Amino acid sequence: MSDPATPPRSLAEALRHRDDASLGALLRARPDLITPVPTDLTQLATRAGTRASVVRALERLDRFALQTAEALAVAAEPASYGELLGLMAGDEGDPAVVGALPRALGTLREQALVWGGDDRLRLVRTARELLAPSPQHPSPTGLGPTVAEATAGMSPGRIQEIVGAAGLPSTHDAVSAVAALTGLYGDRKRMAALLKQAPPESLEVLARLVWGPPYGQVTADPAPRLRWLLDRGLLLPTAPGTVVLPREVALHLRGGHAHRTTEPLPPAVEPAAVHRPQVVDAAAAGQAYTALATVAELLKDWHEGGPAVLRAGGLSVRDLKRTAVALDLPEPVAAFWVELAYAAGLLASDGEADERYAATPAYDEWLERPAAERWARLAEAWLTATRTSGLVGGRDAKDRSLAALGPGLDRSAAPEVRHRVLSLLAGLPEGGAPTADSVLARLRWERPPRGPQTGEDLRARLARWTLSEAEMLGVTGRGALSAHGRALLGAPAPSAAGTLPDGPGDRLPVHHTSAPPPPLAPLTPAEQAGASTAAIRLLAPLLPEPLDHVLLQADLTAVAPGPLERPLADMLDVLADVESKGGATVYRFTPGSVRRALDAGRAAGDLHAFLAAHSRTPVPQPLTYLIDDVARRHGRLRVGAASAYVRCDDDAVLNEILADKRAAGLRLRRLAPTVLATQADPATLLDGLRAMGFAPAAESADGDVLITRADAHRTPPRTAPEPVPDGPPAPDATLLSAAIRAIRAGDLASTTPRKPSAAPASPGTLPRTGPAETLATMQAAVLTGETLWIGYVNAEGSASQRVIAPIRVEGGFVTAYDHTADEVRTYPLHRVTGVAELANEGE
């Protein structure tokens, strides 16, 4: 085992010096390192240095931690803490950087990107390769190669010429000459004296290169201002026609700064306005009610089978436009509600040959729940969904259009961005509505985009969509996080000191908080269930109670002054047409709507009784006449299948039909005085006669009137789509504890000295012993209580090494306490490849 007092010589040794809490923090921050669990700390260190894992870890650093890693990549290897501080704080020593650097360095150490003591800091080799400057991959710092790197291919004679022109004594070899130049460029006083001799034009050249890119082009016969710099090595040739500003020279000109702008502190999220909490909650509750009504209206529109599923999956552009018109919403907003219903498991494809979208059985269960519970289900689905409706209408990597409900809309970062944006809102004063730009600036600091950006990166677009979607869904009101939205996140309620007083008006003066609260951690399923219950409790009193009445008016309309109870709303949907929506819904009664209710099996008396029971105003006489008139004519004509026929006891009515020019397209012919036949199907005949002003009824083969109920088409039971994970999930406490025990035990097996044997195993290989020696060693260990190191091959042929304390050997099996698994296990002896005794401490 390594001595904690001895400086580590590798990342694996540095990990051995860590306690379990520190290892747990590493594995939580980089869960890909335990997928699968490493056999020992050496394998963990190797995996932590792989390119894919390092890139993922770098992408999750905040801006200042990433700037610290970039500074280490251009520092000497290894670097001291003082050298790193000089690169980050500059010669003047920025106090903010001085205070923030320990935290950033601690983050890099925790995530195993940096190891070593403060006197010997080392960046993981893969991270250095990714961040160090090169002609092909410029450093984000804008720095170029060192003098030693830039002069690697230069002739010794040319190096001596530069040394002489710079005013340094000549040396005996190129190595010492390069060291002398490096010392000169790193000495602030001597370098300042050298630059005082430079022509102003030469200083202008350096000023253009100092913050990067450090490369420039020169001709075969450089101008005097360039020649002066080339002669003194302040510019060094790297290729024909190309020169570079050495790193040491650039750092002198920058005042020691590795970065032009260092950002040690996150930018504050600025509140644009602070509204009274009551106003915020009321506005959010209104949006929540509208969200429920919109989803219900969408799925009601698709009751009898919604749009067809495209061959490639998803909605066609035409169907999305039709849905947007039906909902009276812009297409992007309609796409959001369609995707939200899908994410909540309320909408799916029916899976039939002529595949169409329709509501799922879960939708009927959802409708029976109280309004606040229905909202919570939508909000939970939105928080965790990886499908991103904002991408609808865009193009994928293969330049194919992205359709609503189609493939290619999953973005694994979406849940994390939504949660983080809402967490930032929770950190504002109660009722505070942030500016979008300040939210985006904070997110860019927490996860700076890598590489050149031609526009807003995905996280910025996700954040903008989150702000607008949270408002539409009622998580926020007037841009501020509502009380039920805060509860849904599991955020603590504001303290009494931060509560705003009641009073007239909406907005209050904007106050800035001194320090932002720590980020909210994502909730476990059990915690989310409790948070949703709290959100439901807060939202329920703010939603309007369903009404059991309407107001009938003489102009054949009914006004619903609020949301209606489901039986009343369902009956009105059949008996009347919705004319307008808003705070109150206006229904209009027409001959067609009344006929629709009669087709559904209602009698005229039923309709009169229904209206009288549910109207707070007397039933207007025109409405009574309308129902009686439609009912009197309803069913006098009967349509059946001939392909189709019409029969009526009154032959005068049939004569009227035949004489009507509008019936020419139906190609009717008389079969009997009371019967007409046609080749058209019954549905076409019904629609044609109704268009002519008649009220026919469909009949069965037995001559009975067919009742056309408004039964909804439903898909088979469907589960909501699973979110696409953003890499391996964060391990829970149980998995972390088991993984650390296994890694520690495996490391013990691979590093503990073995007692010498006749055939010692080479380092890193499993022990090899014969069956007889294995059995004898096992039996001896049972008597002495010694711990053994064994090689074991399981039934799948996977080899591993384990540390065991044998308890019993019998019947071809050994029962032992397995230190690797931290439990008692039984192993077949024929699968043990070999055994070795572990040396005692100090042996």
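Because the structure is a prediction, the values reported are computed rather than measured. Within every chain, residues take consecutive numbers counted from 1 along the sequence as written. With pLDDT at 70 or above as the cut-off, local features in this predicted model cover only qualifying residues; side-chain atom pairs require 80 or more to be listed or tallied, and sums for whole chains, interfaces and linings still use all residues. To get the side-chain values, take all heavy atoms of the structure and skip hydrogens and water.

Asks: Before we go on, may I ask you to explain the overall build of the protein in this structure?
Replies: Scanning the protein for helices and strands turns up 33 helices and 26 strands. Each radius of gyration is computed over the set of C-alpha atoms, and the globule rule expresses the reference value as 2.2 Å times the number of residues to the power 0.38. The globule rule puts the C-alpha radius of gyration for 843 residues at 28 Å, and the 39 Å found for the protein is more than 25% above it. The 843 residues of the protein split such that 46% are buried. For the protein, long-range pairs separated by at least 24 residues make up 67% of all intrachain contacts whose partners lie at least 6 apart in sequence. Only the protein chains shown count as covering a residue, and every accessible area follows the Shrake-Rupley method with a 1.4 Å probe. Of the roughly 40,400 Å² of accessible surface on the protein, 55% is carried by carbon and sulfur atoms. The charged-residue count follows a simple rule in which Lys and Arg add positive charge and Asp and Glu add negative charge, with His and chain termini not counted at all. Charged groups are reduced to one reference atom each: NZ for lysine, CZ for arginine, CG for aspartic acid, CD for glutamic acid. Averaging the locations of the 86 positively and 97 negatively charged side chains of the protein gives two centres separated by 4 Å. Counting from the N terminus, the helices are the DSSP runs of H or I reaching at least four residues and the strands are the DSSP runs of E reaching at least two. Here the term buried applies to any residue with accessible area under 20% of the maximum for its type, exposed to any over 50%, and partly exposed to those in between, with areas from a 1.4 Å probe on protein chains only. Residue contacts are defined here by distance: any two heavy atoms, one from each residue, within 4.5 Å place the two residues in contact.

Asks: Can you walk me through the pairing of strand E24 (residues 813–818) in this structure?
Replies: Regular strands have side chains that alternate between both faces of the sheet. Strand pairing is assigned whenever DSSP detects at least two bridges linking the two strands. As defined by bridge partners, strand E23 (residues 799–810) adjoins E24 across 6 bridges and the pair is classed as antiparallel. From the neighbouring strand, alanine 805 faces E24, where its bridge partner is tyrosine 817. Hairpin connection from E23 to E24: 2 residues lie between these consecutive antiparallel strands, with glycine 811 at a positive phi of about 60°. Where E24 and strand E25 (residues 823–828) come together, 6 bridges link them in antiparallel fashion. Residue pairing in the sheet places alanine 816 in a bridge with arginine 825 of E25. Counted along the chain from E24 to the antiparallel partner E25, the turn is 4 residues long, and its residue aspartate 822 has a positive phi close to 60°.

Asks: What's the story with the sheet that holds strand E26 (residues 832–837) in this structure? I'm lost.
Replies: In a beta sheet, neighbouring strands pair by backbone hydrogen bonds and run either parallel or antiparallel. Taken in spatial order, the 5 strands of this open sheet run E25-E24-E23-E22-E26, and their pairing is antiparallel. Edge strands, defined here as strands with exactly one partner in the open sheet, are E25 and E26. Between one strand axis and the next, the sheet turns through 45° on average, direction left out of account. Axes, fitted as lines to C-alpha atoms, cover a helix only where it is in contact. Angles between the N-to-C directions of the axes lie from 0 to 180 degrees. Seen against the sheet, helix H33 (residues 771–784) touches strand E22 (788–793), E23, E24 and E26 and runs at an angle of roughly 60° to E23.

Asks: Explanation requested: the pattern of salt bridges in the structure shown.
Replies: Oppositely charged side chains are able to pair whenever their charged atoms sit close together. Every case where a carboxyl oxygen of Asp or Glu lies within 4 Å of a side-chain nitrogen of Lys or Arg is listed as a salt bridge. Applying the stated rule across the entire model yields 36 salt bridges. One salt bridge in this structure joins lysine 300 and aspartate 573, with 2.7 Å as the shortest N-O distance. One end of the pair, lysine 300, is in helix H16 (residues 277–301); the other, aspartate 573, is in helix H26 (residues 566–575), and 273 residues separate them in sequence. When its relative accessible area of 22% is taken as the criterion, aspartate 573 is described as partly exposed.

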